[in-house]
Amino acid sequence: MVPSLLKAGAFAGLASSVLAQAPAKSFKCGSTDLGNGVHVPGAIPKNLDEPLQHRLAFAGSDGMTVSWSSFNKQDTPTVWYGTSPDKLDQHATSKLSSTYPTSRTYNSHVKLTGLKPNTQYYYKVTGTNGYEAAYLPTFKFKTARAPGDDSPLTVATFADLGLMGEDGLSTATGPFGGSAHATLEPGETNTIQSLLSLADTYEFSIHVGDIGYADYSLKEAVQGLFGTDNATTQPTRQDVANHYECMSEQFFDQMRPITAQKPWMVSPGNHEANCDNGGTTDERANITYTDDWCLPGQTNFTWFSEHFKMPSYESNGRGNFWYSFDNGMVHFISLTAETDLGEGLTGPIENSTNNQNGPFGAYPNEQVDWLQKDLAAVDRNVTPWVVASIHRPWITSVEPDGLGYPAWQQAFERTLWENEVDLIQHGHVHTTELFQPQYNGTLDERGLDNPRAPLILVNGAAGHYDGLDEFPSDKRINGTLYANDQEFTWGRLTFHNRTHMSYELIASRNSSVVETWTLRRAHGETDDGHGSRGKKWCGRLKC
Ligand SMILES: [Fe+2]
């Protein structure tokens, strides 16, 4: 293992300190591919220009950003593309190939523009099928439907999806305090496998925060997942940095079969912030790790900002933190509940030890101002559906007596309601719950039949090392239509037409449909006088 690491250190100057120490025994990231056409997740490719971890994101209605990672910096990252696999007759380039302290890889981003809507394209990127690199197919993707295209659209949606396998979610946890609730059972498929097996049934993915859980390496070490000796369970800062990047690389490698071909639209969660999982305590050694433990590069959402390129430029948003995009009948919005909640409010992760997380806006109200402007500009005659993704929920039966009125609810809920947003989807809590449409705790009595208030979904049950959360009792918070803390799941949203949307809950273990709900929203197409933008209907809910 060590010779490979030394070899890697010789070519990546900034990463040499990271590579100087061998990862703990369970990690695969010290190994090097054999150059025989196969890439092992987490391993160093023999050809250091080999493109890894491809990931797509919509870039406006006629654009697509192709991102990937490589162990060498790319001077001019290039994507060759076309509408036929044997005729990649167009190309686009950029100068975006950057890294950050602690990373072994460089992240390249190239934006393709002027694409035809709802069209299949084929592409390859710099270094594809180079000498001794892993063999890759010519990947393909489909562009977004033009805004207003009312053909049915299906989207995969999930949150809190972490690394799978022996360094993440598996059938076992570490011996010192691993969760007993819901690890994988032998023979079950995990969520990544399920998403891949059904990839032909949806157009793209929405990941509502908590992506990969690289920050769990510290907790996993403390719990003895990587070895039970004191040196392993009490890792150095450098160990933590190494393991974080190793888990990140493995996760992206696991996701590539999906994300190279389906846009992966991500929102920020708390686990993207830094290296310490929000604070980790080793009760055996009486050590508490805070984000002081994180080396530069693993604070302030750096990993999240470097790896992804969401369409904030195209939507006047901010980084990967708040942005929007249209696809067919739907306007999708992504927000951050972690930081930037506006004047007088403090994001839940802005209270880190050294206040190392955000804010990201140029001024305190930038995100909430942007949300108001973005929603005001939506033409519901073009995109009748509006869906908002916010990682943290404000209702969950894990807290059956309620969360009070948390800052992120104060920041967003009223604006979303006033603008008649149809669906708010959350993660963070590792359960699945669907809530009757409601506003500030008042249930909309119409339920799923043309409510005025938004339908609220929590699906943080995609799975990571810690398994699932558990409801503390049989008590469910007011308005719960469905609650499940027993299985790993993801969801499939289908917008059938301008008035009907279904949510299918998929069991990751066998890709079966557990439940299906259908929401009707009139969107001004019926004569019952509400649901129509511009008609301020408040029903039984107070305006
Ligand atoms: Fe979270």
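Residues numbered from 1 in each chain as written. Predicted model: local features only at pLDDT ≥ 70, side-chain atom pairs only at ≥ 80, totals over all residues. Heavy atoms only, no water.

A complete count under the given rule lists four cavities of 30 Å³ or more for this structure. The calculated volume of the second largest cavity comes to roughly 50 Å³. What lines the second largest cavity is Ile 206, Met 265, Ser 267, Tyr 323, Phe 325, Phe 332, Ile 333, Ser 334, Val 387 and Ser 389. Counting only elements with at least two residues in the lining of the second largest cavity, the list comes to β16 (323-327), β17 (330-335) and β18 (385-390). Here the lining of the second largest cavity takes three residues from β17, the largest share from any one element. (1 Å grid on protein atoms, 1.4 Å probe; cavity = no way out; pocket = protein on both sides within 12 Å on 5 of 7 lines; lining within 4 Å. Points joined across faces, edges and corners; volume = space filled by probe spheres on them. Helix = DSSP H or I, 4+ residues; strand = E, 2+ residues; numbered from the N terminus.)

Segmentation of the protein chain into domains returns domain 1 (2-142) and domain 2 (153-213 + 258-520). Look at where the C-alpha atoms of domain 1 and domain 2 centre, and you get two points 27 Å apart. With 30 residues of domain 1 in contact, the opposing surface of domain 2 contributes 28 residues. Approximately 2,300 Å² of surface area, both sides summed, lies buried where domain 1 meets domain 2, with 53% of it carried by carbon and sulfur atoms. Joining domain 1 to domain 2, the criterion identifies one salt bridge. The salt bridge involving Lys 111 is made with Glu 314; its shortest N-O contact spans 2.6 Å. At the boundary of domain 1 and domain 2, one finds nine residue pairs in polar contact (both at pLDDT 80 or more). Mapped by element, the contributors of at least two residues to the side of domain 1 that touches domain 2 are β1 (52-58), β2 (64-70), β6 (106-112) and β8 (139-142). Element by element, the count of residues in the side of domain 1 that touches domain 2 is highest for β1, at six residues. Among the residues making up the side of domain 1 that touches domain 2, the classes are represented as twelve nonpolar, 13 polar and five charged. (Domains from an automatic or database assignment. Contact = heavy atoms within 4.5 Å. Buried area = accessible area lost by both parts, 1.4 Å probe. Salt bridge = Lys/Arg side-chain N within 4 Å of Asp/Glu carboxyl O. Polar contact = N/O pair within 3.5 Å; in protein donor to acceptor, adjacent residues only side chain to side chain. Nonpolar A, V, L, I, M, F, W, Y, C, P; charged D, E, K, R; others polar.)

All right, on to the nonpolar core then. Inside soluble globular proteins, nonpolar side chains tend to come together where they are buried. If you look at the biggest cluster of nonpolar residues, it comprises 124 residues, and the most contacted ones within it are Tyr 123, Phe 332, Phe 412, Leu 416 and Phe 495. Of the residues forming this core, the biggest block, seven residues, is contributed by helix α6 (residues 237-259). Split by domain, the residues of this core number at least three in each of domain 1 (2-142) and domain 2 (153-213 + 258-520). Not counting residues within four places of it along the chain, the set of residues in contact with Tyr 123 comprises His 54, Leu 56, Val 66, Val 79, Trp 80, Tyr 81, Leu 88, Thr 138, Phe 139, Lys 140, Phe 141 and Ala 260. (Core = buried A, V, L, I, M, F, W, Y, C linked by side-chain atoms within 4.5 Å. Buried < 20%, exposed > 50% of the residue type's maximum accessible area, 1.4 Å probe, protein only.)

Attention shifts here to the pattern of salt bridges. Here the structure, examined in full by the defined rule, presents 15 salt bridges. What you see here is one network of salt bridges that share partners, running through Arg 380, Asp 422 and Arg 521.

Over the atoms, a rolled probe matching the size of one water molecule traces out where space is still vacant. Here the largest pocket defines a volume of roughly 270 Å³. Taken together, 13 residues make up the lining of the largest pocket; nearest its centre are Lys 140, Ala 199, Asp 200, Gln 261 and Lys 262. If you list the elements that add at least two residues to the lining of the largest pocket, you get β8 and α6. When the residues that make up the lining of the largest pocket are grouped by side-chain class, the tally is six nonpolar, two polar and five charged. Counting contributing residues per domain, the lining of the largest pocket is built from domain 1 (2-142) and domain 2 (153-213 + 258-520), each supplying no fewer than three. Considered as a void within the structure, the second largest pocket measures approximately 230 Å³ in volume. Every residue lining the second largest pocket is counted, 13 residues in all, and those nearest its centre are His 39, Pro 41, Asp 253, Arg 256 and Pro 257. Tallying contributions element by element places α6 first for the lining of the second largest pocket, with four residues. Along the lines of polarity and charge, the residues of the lining of the second largest pocket split into eight nonpolar, three polar and two charged.

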